[in-house]
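Residues per chain are reported as follows:
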Amino acid sequence: MFIVNLSYLKPISEVENHLEEHVEFLEKYYKLNKFIFSGRKVPRTGGVILVNATSTEEVDLILKEDPFYRNKIAQYEVTEFIITKYDDRFAAFLTKE
């Protein structure tokens, strides 16, 4: 499992110019069961995405499709973690290995 921490490099006006495309990117990976949640930081300096992937390489390939990445709107910090405890309602999101 991976936490992706986005930090904006450009002003919010520039972020807004690419937001519709970014949402389409998010929707694609929700449909592929790769994204579990996403949202804006408070204050609005970036966002966070929880990604259900099997490798850092897979996450990197996914993020390269993000319009925020392609247009240098955001930088990304990717943190891999191993789930050791979770609420039973979360089980449906766990990667089967």
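Just so we're clear, the structure is a prediction, and the values are computed from it rather than from any experiment.

## Topic: the sheet that holds strand 2 (residues 35-40)
Here is step 1: Taken in spatial order, the four strands make up an open sheet running 2-3-1-4, and their pairing is antiparallel. Two strands bound the open sheet, and with one partner strand each, they are strand 2 and strand 4 (74-80). Averaged over all pairs of adjacent strands, the angle between strand axes in this sheet comes to 15 degrees, irrespective of strand direction.
Here is step 2: Bridge count between strand 1 (residues 2-8) and strand 4: seven bridges; the pairing is antiparallel. When the sheet's bridge partners are listed, Val-4 is paired in strand 4 with Val-78.
Here is step 3: Packed onto the sheet, helix 2 (residues 19-31) meets strand 1, strand 2 and strand 3 (46-51) and runs at close to 160 degrees relative to strand 2.

## Side note on the pairing of strand 3
Here is step 1: Within strand 3, five of the six residues are buried, which leaves the element mostly enclosed by the surrounding structure.
Here is step 2: Looking at chain direction, strand 1 and strand 3 are connected through six bridges and run antiparallel. The residue of strand 3 that forms the bridge with Asn-5 is Val-48.
Here is step 3: Where strand 2 and strand 3 come together, five bridges link them in antiparallel fashion. Paired with Gly-39 across the strands is Val-48, a residue of strand 3.
Here is step 4: Where strand 2 folds back on strand 3, the antiparallel hairpin that results is connected by five residues.

## A short note on unusual backbone geometry
Here is step 1: Put simply, Val-42 and Pro-43 share a cis peptide bond, and its omega is 0 degrees.
Here is step 2: The residue Asn-33 is not glycine, and still its phi comes out positive at about 60 degrees.
Here is step 3: Tracing the chain through its elements places Asn-33 in the loop between helix 2 and strand 2.
Here is step 4: For Asn-33, a relative accessible area of 59% gives the class exposed.
Here is step 5: The residue Lys-72 is not glycine, and still its phi comes out positive at about 55 degrees.

## Remarks on the pattern of salt bridges
When the charged atoms of two side chains with opposite charge come close together, those side chains can pair.
Here is step 1: Going through the model one piece at a time under the given rule, you end up with five salt bridges.
Here is step 2: With its nearest N and O atoms 2.7 Å apart, the salt bridge here joins Glu-58 to Lys-34. Separated by 24 residues along the polypeptide, Glu-58 in helix 3 (residues 56-63) and Lys-34 in the loop between helix 2 and strand 2 bring together distant segments of the chain.
Here is step 3: When the shortest N-O distance is used, the salt bridge between Arg-89 and Asp-87 registers 2.6 Å.
Here is step 4: Assessed through its relative accessible area of 70%, Arg-89 is described here as exposed.

What counts and how
- Residues numbered from 1 in each chain as written.
- Predicted model: local features only at pLDDT ≥ 70, side-chain atom pairs only at ≥ 80, totals over all residues.
- Heavy atoms only, no water.
- Pairing = 2+ DSSP bridges.
- Helix = DSSP H or I, 4+ residues; strand = E, 2+ residues; numbered from the N terminus.
- Axes fitted to C-alpha atoms, helices over the stretch in contact; angles between N-to-C directions.
- Contact = heavy atoms within 4.5 Å.
- Buried < 20%, exposed > 50% of the residue type's maximum accessible area, 1.4 Å probe, protein only.
- Salt bridge = Lys/Arg side-chain N within 4 Å of Asp/Glu carboxyl O.

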